[in-house]
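Residues per chain, in single letters:
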Amino acid sequence: MGAPSGEVIVTGGLGFIGSHLVDAYLEAGHRVTIIDSSTGAVIDGKDYDRDPRCTVIRQRVEDYLAAGGDFAGADRVIHAASYVGPASILSRAGRLGHDIIGSTAPVIDACIGAGTPMCLFSSAEVYGRSGLLDEKDDIVVPTHYNTRIEYAIAKTLAEAMVTNSRQHGLRGIVIRPFNVAGARQSRAGGFVMPTFVQQALAGKPITVFAGGEQVRAFIAASDLTRFLIEHMDAALDSDDTVINVGNPANAITIMGLAHQVKKLLGSASPIVGVDGRSVHGPHYAEAESFHKIPALRAATSLGWQPRIALDELILSTAAYYRAREDRRAVNAPL
Ligand code: UDP
């Protein structure tokens, strides 16, 4: 690890991925400024308020910039603020383009203005198809335009804006995260890992959607943050603007995950088949990627490898939710 260096700005720093990034940058010796509207916050941020190395600005980044804020002097900007989760995005149907481009465009402009490198958090959702997914592959844009596809199209446009803004002097990269999991991820977003773990801990039915044969590959938040801490500078200098970050070694069917969670946690929960629409409403849809597995060409060529195995990820998520309730999820349907 190099010498502690300058200030990192994390938009969405009170969210699940954002807060793991904040912790990792603080641990690596950086000062951190969080810009977060609190909309998707999984923590209240009071510990960060008390930390002299941390500043918390409770505002949308686009409002912060419109009011004259800038990124001058910052070492890097990690733009992780976004609606996330198949259940959460349903409330933003018809507005996701506005939400995603409305924050990403001013962040790009401000980074160019300040000469600050940036990382945009996109989504593996952009692929629009099933299988082993490589950054060099063409993506598919299904035209049935459900909310997930609206989200994917908006993220795709944001990716293209970062990529092409390199022509205007931006030093920028894009991360496509694949099923990140770990402490603080709330079942309120509809995510499967905190849902199954909390169901198993409570002895409630573990609810498997869509038959359970669909495959996901889960990556620990700590593996994702380590990619940025240790490899972002090399990524900024490489030709690969868009980088998958995931853990194909943890690929498992959702039915397999249900059984593994039940077994590891010694739970008596029954495993039941459920239609996701009966839980999240008629507009809930499965991802276009029935099987969603990352190819890691770009990230591993920079010297990074994920480390945390699935069992450890399940157990650490369970340890977190044994010790506290999921406060964001008090009104969640599951
Ligand atoms: N899933 C499930 N039961 C739940 C929540 C999710 O079977 O209570 C399934 C969901 O249908 C999907 C998979 O788990 O096929 C992963 O869902 P998640 O929302 O975590 O991620 P994504 O679908 O965006 O990859």
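All of these numbers come straight from a predicted model, not from anything done at the bench.

A. Spotlight on a nonpolar patch on the surface. A surface patch of nonpolar side chains, amounting to about 290 Å² of accessible area, comprises Val141, Tyr145 and Ile153. With respect to the secondary-structure elements, Tyr145 resides in the loop between β6 (131–133) and α5 (147–165). Among the residues examined, Tyr145 registers a relative accessible area of 55% and is labelled exposed.

B. Spotlight on the sheet that holds strand β7 (residues 172–177). If you walk across this open sheet you meet the 7 strands as β3-β2-β1-β4-β5-β7-β12, and the pairing is parallel. The strands lining the two open edges of the sheet, one partner per strand, are β3 (54–57) and β12 (242–245). Going from strand to strand, the sheet's axes swing by 20° on average, the running direction of each strand aside. Relative to strand β4 (residues 76–79), strand β1 (residues 7–11) runs parallel, the two sharing 4 bridges.

C. Molecular detail of the site of the ligand. What surrounds the ligand is a group of 18 residues, the closest being Thr207, Phe209, Arg216, Glu286 and Lys292. At 2.7 Å, a backbone N or O of Phe209 approaches an oxygen atom of the ligand. Burial of the ligand by the protein chains amounts to 96% of its free accessible area of 520 Å².

D. A look at the packing of helix α8 (residues 254–264) against helix α11 (residues 310–323). Two numbers describe how α8 lies on α11: the axes approach to 10 Å, and their chain directions differ by 60°. Classified by the angle between their axes, α8 and α11 sit oblique to one another. Considering how the two elements wind past one another, α8 and α11 form a crossing that is right-handed. Between α8 and α11, the residues in contact are Leu257, Gln260, Val261 and Leu264 and Leu310, Asp311, Ile314 and Leu315, respectively. Its residues assigned to classes, the contact of α8 with α11 shows 6 nonpolar, 1 polar and 1 charged.

E. Quick peek at the pattern of salt bridges. Per the stated rule, a full pass over the model turns up 21 salt bridges. When salt bridges with common partners are traced through the structure, they connect Asp134, Glu135, Lys136, Asp240 and Arg297 into a single cluster.

F. Just the sheet that holds strand β10 (residues 215–217), in detail. Within the open sheet, the 4 strands sit side by side as β6-β15-β10-β13. Their pairing is mixed. Two strands bound the open sheet, and with one partner strand each, they are β6 and β13 (251–253). Taking each pair of neighbouring strands and ignoring which way they run, the sheet shows an average axis angle of 30°. Summarising the sheet, β6 and strand β15 (residues 291–294) pair through 3 bridges and their orientation is parallel. Paired with Gly131 across the strands is Lys292, a residue of β15.

G. Local environment of helix α1 (residues 16–27). Here α1 spans 17 Å end to end across 12 residues, near enough to the 16 Å set by a 1.5 Å rise per residue. For α1, the set of buried residues is Phe16, Gly18, Ser19, His20, Leu21, Val22, Ala24, Tyr25 and Leu26. Taken from the residues just after α1, Gly29 is the one with a positive phi, measuring 95°.

H. Fine view of empty space enclosed by the protein. Evaluation of the coordinates by the stated rule reveals 1 cavity of 30 Å³ or more. Lining the largest cavity are 17 residues, and of these Glu125, Gly128, Ile149, Ala152 and Glu288 sit closest to its centre. Its residues placed into classes, the lining of the largest cavity shows 9 nonpolar, 4 polar and 4 charged.

I. Fine view of the packing of aromatic side chains. Enumeration over the complete set of coordinates arrives at 4 aromatic pairs. Taking the centre distance of 6.0 Å and the plane angle of 45° together, the rings of Tyr127 and Phe178 count as tilted. Taken together, the residues span a long stretch of sequence, with Tyr127 in the loop between β5 (118–121) and β6 and Phe178 in the loop between β7 and β8 (180–181) at a distance of 51 residues. Comparing Tyr127 with Phe178 shows no difference in burial state: the two are buried. Measuring from centroid to centroid gives 5.7 Å for Phe227 and Trp304, while their planes differ by 85°, and the two rings are edge-to-face. Of the two residues, Phe227 is situated in helix α7 (residues 221–237) and Trp304 in the loop between α10 (297–301) and α11; the sequence distance between them amounts to 77 residues. Both residues of the pair, Phe227 and Trp304, belong to the buried class. Cation over ring: Arg324 sits above Tyr320, and NZ or CZ is 4.0 Å from the ring centre.

J. Summary view of the layout of surface pockets. Estimates place the volume of the second largest pocket at around 370 Å³. What lines the second largest pocket is a set of 19 residues, among which Val42, Ile43, Asp44, Tyr320 and Arg327 lie closest to the centre. Those elements giving two or more residues to the lining of the second largest pocket turn out to be α2 (46–50) and α11. The element contributing the most residues to the lining of the second largest pocket is α2, with 4 residues. Classifying every residue of the lining of the second largest pocket by side-chain character gives 6 nonpolar, 2 polar and 11 charged.

K. Focus on the packing of helix α6 (residues 192–202) against α11. At a minimum axis separation of 10 Å, α6 and α11 run at an interaxial angle of 60°. Crossing of α6 over α11 shows right-handed handedness. Between α6, through Met193, Pro194, Val197, Gln198 and Leu201, and α11, the contact on the second element is made entirely by Leu310, Leu313, Ile314, Thr317, Ala318, Tyr321 and Arg322. For the contact of α6 with α11, the per-class residue count stands at 9 nonpolar, 2 polar and 1 charged.

Conventions we followed
- Residues numbered from 1 in each chain as written.
- Predicted model: local features only at pLDDT ≥ 70, side-chain atom pairs only at ≥ 80, totals over all residues.
- Heavy atoms only, no water.
- Patch = residues over 30% accessible without salt bridge, like charges linked within 9 Å, V, L, I, M, F, W, Y side chains within 5 Å.
- Areas by Shrake-Rupley, 256 points an atom, 1.4 Å probe, with all protein chains shown as cover.
- Salt bridge = Lys/Arg side-chain N within 4 Å of Asp/Glu carboxyl O.
- Helix = DSSP H or I, 4+ residues; strand = E, 2+ residues; numbered from the N terminus.
- Buried < 20%, exposed > 50% of the residue type's maximum accessible area, 1.4 Å probe, protein only.
- Pairing = 2+ DSSP bridges.
- Axes fitted to C-alpha atoms, helices over the stretch in contact; angles between N-to-C directions.
- Near = heavy atom within 4 Å.
- Polar contact = N/O pair within 3.5 Å; in protein donor to acceptor, adjacent residues only side chain to side chain.
- Parallel < 35°, antiparallel > 145°, perpendicular 65-115°, else oblique.
- Left-handed = near helix turned anticlockwise from the far one by under 90°.
- Contact = heavy atoms within 4.5 Å.
- Nonpolar A, V, L, I, M, F, W, Y, C, P; charged D, E, K, R; others polar.
- Expected span 1.5 Å × (residues − 1).
- 1 Å grid on protein atoms, 1.4 Å probe; cavity = no way out; pocket = protein on both sides within 12 Å on 5 of 7 lines; lining within 4 Å.
- Points joined across faces, edges and corners; volume = space filled by probe spheres on them.
- Phe/Tyr/Trp six-rings, centres within 6.5 Å; stacked < 30°, edge-to-face > 60°.
- Lys NZ or Arg CZ within 6 Å of the ring centre and 35° of its normal.

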